[in-house]
Protein chains: 2
Amino acid sequence: MQLVLPDVTLKLKALQEANLLKGQTADQILSRISTSNLLSETLSGAIYAQECVPESLEMKAKVFKDLDEKAEVHTILASSTSSIPASRFTESLTHRSRCIVAHPINPPHIVPLVEIVPSPWTDPSVVSKTRSIMTEVGNAPIVLKKEVLGFAQNRLQYALLAEAMRLVEDGVLSPGDVDTAVMHGLAARWSFMGPFQTIDLNAPKGVGDYCSRYLGGIYNVLKEEDNSRQFSQETVLKIEEHQRSLYPQSDIPLATKWRDARLMALATHHVQTQQIDEALFPKK
Amino acid sequence: MQLVLPDVTLKLKALQEANLLKGQTADQILSRISTSNLLSETLSGAIYAQECVPESLEMKAKVFKDLDEKAEVHTILASSTSSIPASRFTESLTHRSRCIVAHPINPPHIVPLVEIVPSPWTDPSVVSKTRSIMTEVGNAPIVLKKEVLGFAQNRLQYALLAEAMRLVEDGVLSPGDVDTAVMHGLAARWSFMGPFQTIDLNAPKGVGDYCSRYLGGIYNVLKEEDNSRQFSQETVLKIEEHQRSLYPQSDIPLATKWRDARLMALATHHVQTQQIDEALFPKK
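Residues numbered from 1 in each chain as written. Chains lettered and ligands numbered in written order. Predicted model: local features only at pLDDT ≥ 70, side-chain atom pairs only at ≥ 80, totals over all residues. Heavy atoms only, no water.

Put simply, an interface is often sized by how much accessible area is lost when its parts join up. Facing 118 residues of chain A, the contacting portion of chain B comprises 118 residues. Both faces considered, chain A and chain B share a buried interface measuring about 11,700 Å² in area, 68% of it formed by carbon and sulfur atoms. A per-residue breakdown of the area chain A buries against chain B is headed by A:Phe196, A:Trp258 and A:Arg262, which together make up 8% of the total. On the surface where chain A and chain B come into contact, there are 10 salt bridges. The residue A:Glu224 makes a salt bridge to B:Arg155 at a minimum N-O spacing of 2.8 Å. Counting residues per element, the ones that place at least two in the side of chain A that touches chain B are β5 (140–143), α7 (153–169), α8 (175–200), α9 (207–224), α10 (233–246), α11 (252–272) and α12 (274–280) of chain A. Looking at which element gives the most residues to the side of chain A that touches chain B, the answer is α8(A), with 25 residues. Considered class by class, the residues forming the side of chain A that touches chain B number 67 nonpolar, 26 polar and 25 charged. (Contact = heavy atoms within 4.5 Å. Buried area = accessible area lost by both parts, 1.4 Å probe. Salt bridge = Lys/Arg side-chain N within 4 Å of Asp/Glu carboxyl O. Helix = DSSP H or I, 4+ residues; strand = E, 2+ residues; numbered from the N terminus. Nonpolar A, V, L, I, M, F, W, Y, C, P; charged D, E, K, R; others polar.)

Pasting the structure below:
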């Protein structure tokens, strides 16, 4: 477990440099972190434990059995899984009502979203406690009211991604133009107001007005967007070739570093724009 | 036509204040703008004309007939339509090969995306000239290689919006949590790298690797995302009620002002982050 500290230190220093630690220093935070190779020692006195093992049902099941045996009864046991409902690896546990999914989005130290997904047997107080812990540490939690395949983030992502691939496969857009369309159009707005608020401001009387004006036309487009369709290897290759024309495969780690720097700058931007929100965002 | 100048002036002053006029002043730009109620006078010597009448096929057809008769032969005639393919109102024109769609995204003075949609008879040189004019004035143009229902921007938007509405209708997420999921997760990344580049950095060897790892799982989710489905009035009401809990209908103009201020701040943010791109974005 000592192995994680150098990485955590690097990330904390980067956040400190970007002034994103809310007045704390990286060293102050590091002084509160301890590691152990003994699970029972790690869990001692814990109010919340987050499992982060690889995405394998077998491993999750094994770790949760261990956690269930060793954690104090009131410790919340959360899984980082991005796709396996907790019901699949917690059903037979003694204290399964304290188990929950809290799916962080990559890279979790910069992207604030966390998907909280209770199982049918998760205690409601565990859901609300998890949500408030996430809010307290500066994340943006959402709560799924039930388990669904792909949770919410990936369901939304895949819906758009499938249409993005269809546009390339049908020879409508180049892969680069798909990225431009999303970056410089849709996501410019979605990065601070989400899809529902976006349409709320796209009709004179708000979202209800928008739906009565445009849902008919939207259904006509959706009819052509066949989600049962699969994609050819040629389409995948075309997108791969486009990405490789931007940077070689060997530069993916560098591009990832760039992505994290841009996400950090975006987080700073959101802090700076709070004054615009306070000055202009109407409150009921 | 004098009526548009006060609005243009206001917008230019706001852009100047945000330092988004690339060293020019609002007055310098205003001095190059002239208005006329005579179409032939407006078109005299023009290399490019952009029609912005309301979204009615009848009106577009009438205006384009007029434009075709009065414009010099080499003037590009572009329509701002967000949904009507130019083939539907330019087919019978004498010089139909110079007609094209150049769909700006709302609000066009801040959102850089422009969708360029040629008709089957649009001259390729008109497409490339339109693209370069848009780039030159600081927009981010994309070129659709053929006319499709909803063009590209709305096809992508509707795909995600439909899943957003299904998540609310199926009782998985509240409307507010849908907006949070997109704002603080997906769009944080998409605002500077688009959906294809995003997945390129989500597998060790890039987008091809991502597809071979995850397309199977993606198809399983997509199978549940039935785009032929229509939404109940209760779902629309639920979203409407959520938006009205944020601000009353009468505050939509104020919220729109807030949106524009945030978009302007985001544009400034993109200028500021160019140094991160230059320092870290790998170039092949």
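Here the focus is the UniProt feature "domain: 3-hydroxyacyl-CoA dehydrogenase NAD binding" (unreviewed entry) in chain A. Mapped onto the present numbering, the UniProt feature "domain: 3-hydroxyacyl-CoA dehydrogenase NAD binding" (unreviewed entry) falls at residues 10–146 of chain A. Each end of residues 10–146 of chain A is marked by a C-alpha atom, and these two atoms are 36 Å apart; helix forms 36% of the span and strand 18%. (UniProt positions renumbered as here; feature names shortened; annotations may be inferred.)

The next subject is the packing of aromatic side chains. All names here are of chain B. For the structure on display, the rule yields 13 aromatic pairs over all chains. Between Tyr210 and Tyr214, the ring centres sit 4.9 Å apart and the planes meet at 65°, which makes this aromatic pair edge-to-face. Linking Tyr210 with Tyr214, this pair stays in helix α9 (residues 207–224), spanning 4 residues, or about one helical turn. Exposure remark for Tyr210: the relative accessible area of 5% places this residue in the buried category. (Phe/Tyr/Trp six-rings, centres within 6.5 Å; stacked < 30°, edge-to-face > 60°. Buried < 20%, exposed > 50% of the residue type's maximum accessible area, 1.4 Å probe, protein only.)

The two copies are related by a screw operation: chain A maps onto chain B through 180° of rotation and 0.0 Å of translation along the axis, at an RMSD of 0.0 Å. Interpreted geometrically, this transformation is the action of a two-fold axis. Most of the interface of chain A is mirrored in chain B: 100% of its interface residues are interface residues there too. (Least-squares fit on C-alpha atoms with pLDDT ≥ 70 in both.)

Turning our attention to the nonpolar core. Formed by 149 residues in total, the largest nonpolar core has its most connected members in A:Leu144, A:Phe196, B:Leu144 and B:Phe196. Look past the residues within four positions of A:Phe196 in its chain and what remains in contact with it is A:Val207, B:Leu161, B:Ala164, B:Met165, B:Val168, B:Pro175, B:Val178, B:Asp179, B:Ile239 and B:Gln243. (Core = buried A, V, L, I, M, F, W, Y, C linked by side-chain atoms within 4.5 Å.)

Here the focus is the sheet that holds β5(A). Residue and element names in this part refer to chain A. Spatially, the 5 strands line up as an open sheet ordered β1-β2-β3-β4-β5, and their pairing is mixed. Both outer strands of the open sheet, β1 (48–51) and β5, are each paired with one neighbouring strand and no more. Ignoring which end each strand starts from, the neighbouring axes of this sheet average 30° apart. Across 4 bridges, strand β4 (residues 113–118) lies against β5 in parallel orientation. When the bridges of β5 are listed, Ile116 appears paired with Val143. Of the strands in this sheet, β1, β2 (76–79) and β3 (99–104) are in contact with helix α4 (residues 57–70), which crosses β2 at around 170°. (Pairing = 2+ DSSP bridges. Axes fitted to C-alpha atoms, helices over the stretch in contact; angles between N-to-C directions.)

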